[in-house]
Amino acid sequence: MQVKSVCHAVQSLASLLLPFSWPYTLVPVLPDTLLELANSPTPYLMGVLRNNLYKLKDLLLGNCDDCCDDLLQGCVVIVDLDGGIFVPQPSELYIASHGVDYKERSALALCERLLLPKKLALSLISSFKEALSFGIGPRADDLLQKSVISWYASLIGHYKACGFHAAFNDTELKGDVEPFRTAAIQLVSAHTSRSSRRFTEWFVETGIFRDWIRRRVTINNNRKDPLLANSEDAANQKLDELSLTLAPSLTHKRLTSIFSKAHSALFRTHLIKKL
């Protein structure tokens, strides 16, 4: 039962990324003999059974006396399925017995550490609670997906207005990275919240976002059948619909500031190349 629960949790987390997808290593349940995969230098999403937790800690920290016990120092995040909380340190599993309020505060603290805007994190938690209040089933699944897509829409829903499609074509076909960089600056600068700008700036540089943009451009260029082909297409359509009301607006004043920043960034890049 434990193996099934861990496997289901990892797959559910991956599905919550829609319309994005996880382009890195994904292992629903990591076999005991392959724990060394946790030392991979690339991002990964893996399910680990509880009996391997301390082996995993020893493997990641090794014999380094100077290493902090906090695995987050090594960019590792552990989710305790039994406790329903994020666990920064394997040595503190006992906190799983704390109340719901403590668990929520723990999750928010981790969100802050991972650059997730607190306001958006609270909104997402509230939406999840509302979705699950109806019980487990198809309705809850639909509400959970809508909550996540709404969250994405509020962060990057204005991507079309920033010209990412044309920018990606220039990057892929001509090898010119400047249009993509300019589009990213526009996307980030449209946010009025500093924390949202900081998180969005990080997110657009990830393989998750870039792989999604690549698929969006490829689909738009090659698709002949206008009907939605799969769940990702349906999620993309929902994202575009929600973006009309949730995405940051590019006002004239904001656009002026955005293009000024973009021009400065491109000018600095030009000087670096000249030097």
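Residues numbered from 1 in each chain as written. Predicted model: local features only at pLDDT ≥ 70, side-chain atom pairs only at ≥ 80, totals over all residues. Heavy atoms only, no water.

Q: Quick rundown of helix α1 (residues 2–15)? Include the residues and the values.
A: If you check α1, its first and last C-alpha atoms are 20 Å apart, about what 14 residues at 1.5 Å a residue would give, namely 20 Å. Taken as a whole, α1 has its buried residues at Val 6, Val 10 and Ala 14. Taken down its axis, α1 places every buried residue within 70° of arc, on the same side. Among the exposed residues of α1, those pointing more than 90 degrees away from its buried face are Lys 4 and His 8. Along its buried surface, α1 packs onto β1 (25–27) and β2 (44–46). (Helix = DSSP H or I, 4+ residues; strand = E, 2+ residues; numbered from the N terminus. Expected span 1.5 Å × (residues − 1). Buried < 20%, exposed > 50% of the residue type's maximum accessible area, 1.4 Å probe, protein only. Arc of directions from axis to C-beta. Contact = heavy atoms within 4.5 Å.)

Q: Can you tell me about the packing of aromatic side chains, naming the residues and giving the values?
A: Each aromatic ring pair is characterised by the separation of its centres together with the angle its planes make. By the definition in use, this model includes 14 aromatic pairs. Ring geometry for Phe 20 versus Trp 212: centroids 4.8 Å apart, planes at 55°, classification tilted. One end of the pair, Phe 20, is in the loop between α1 and β1; the other, Trp 212, is in helix α9 (residues 207–222), with 192 residues separating them in the sequence. Both rings, one in Phe 199 and one in Trp 202, keep their centres 5.5 Å apart while their planes meet at 40°; by these two values the pair is tilted. Placement of the pair is Phe 199 and Trp 202 together in helix α8 (residues 194–203), with a separation of three residues, close to one helical turn. Residue Phe 199 is classed as buried on the basis of its relative accessible area of 6%. Accessibility expressed as a relative area gives 44% for Trp 202, which makes it partly exposed. (Phe/Tyr/Trp six-rings, centres within 6.5 Å; stacked < 30°, edge-to-face > 60°.)

Q: Pulling in residues and values, what's your account of the nonpolar core?
A: Within the largest apolar cluster, 32 residues are counted, with the highest numbers of intra-cluster contacts made by Phe 20, Ile 156, Phe 164, Phe 209 and Ile 213. Only α4 (118–132), α5 (138–156), α6 (164–174), α7 (178–189), α8, α9 and α10 (231–246) provide two or more residues apiece to this core. Ranked by the residues each element gives to this core, the list is headed by α5, at seven residues. Excluding its chain neighbours within four sequence positions, the residues that come into contact with Ile 213 are Tyr 159, Phe 164, Phe 168 and Phe 180. (Core = buried A, V, L, I, M, F, W, Y, C linked by side-chain atoms within 4.5 Å.)

Q: Any chance you could break down the pattern of salt bridges for me, citing the residues and the numbers?
A: Under the criterion given, the structure shown has seven salt bridges. The closest approach of N and O atoms between Asp 240 and Lys 160, which form a salt bridge, is 3.2 Å. Of the two residues, Asp 240 sits in helix α10 while Lys 160 sits in the loop between α5 and α6, which places them 80 residues apart along the sequence. Each of Asp 211, Arg 214, Arg 215 and Glu 232 takes part in one network of salt bridges that share partners. (Salt bridge = Lys/Arg side-chain N within 4 Å of Asp/Glu carboxyl O.)

Q: Now, about the packing of α7 against α8: what can you tell me, with residues and values included?
A: Following both chains from N to C, one finds α7 and α8 inclined at 155°, their axes separated by 8 Å at the closest point. Accordingly, the angle class assigned to the pair α7 and α8 is roughly antiparallel. Once α7 is placed against α8, the crossing between them reads as right-handed. Contacts from Leu 187, Val 188 and Ser 189 in α7 reach Arg 197, Thr 200 and Glu 201 in α8. Residues that form the contact of α7 with α8 fall into these classes: two nonpolar, two polar and two charged. (Axes fitted to C-alpha atoms, helices over the stretch in contact; angles between N-to-C directions. Parallel < 35°, antiparallel > 145°, perpendicular 65-115°, else oblique. Left-handed = near helix turned anticlockwise from the far one by under 90°. Nonpolar A, V, L, I, M, F, W, Y, C, P; charged D, E, K, R; others polar.)

Q: I'd like a description of α5, backed by residues and values.
A: With 19 residues, α5 extends 27 Å between its outermost C-alpha atoms, agreeing within 8% with the 27 Å of an ideal straight helix rising 1.5 Å per residue. Along α5, the positions that sit buried rather than exposed are Ala 140, Leu 144, Ser 147, Val 148, Ile 149, Ser 150, Trp 151, Tyr 152, Ala 153, Ser 154, Leu 155 and Ile 156.

Q: Hey, could you go over the packing of α5 against α10 for me, with residue numbers and the actual values?
A: Where α5 meets α10, the axes come as close as 8 Å, and the angle between the chain directions of the two elements is 55°. In this view, α5 runs oblique relative to α10, as classed from their interaxial angle. Once α5 is placed against α10, the crossing between them reads as right-handed. The residues of α10 that touch α5, namely those facing Lys 146, Ile 149, Ser 150, Tyr 152, Ala 153, Ser 154 and Ile 156, are Ala 235, Lys 238, Leu 239, Leu 242, Ser 243 and Leu 246. When its residues are assigned to classes, the contact of α5 with α10 shows eight nonpolar, three polar and two charged.

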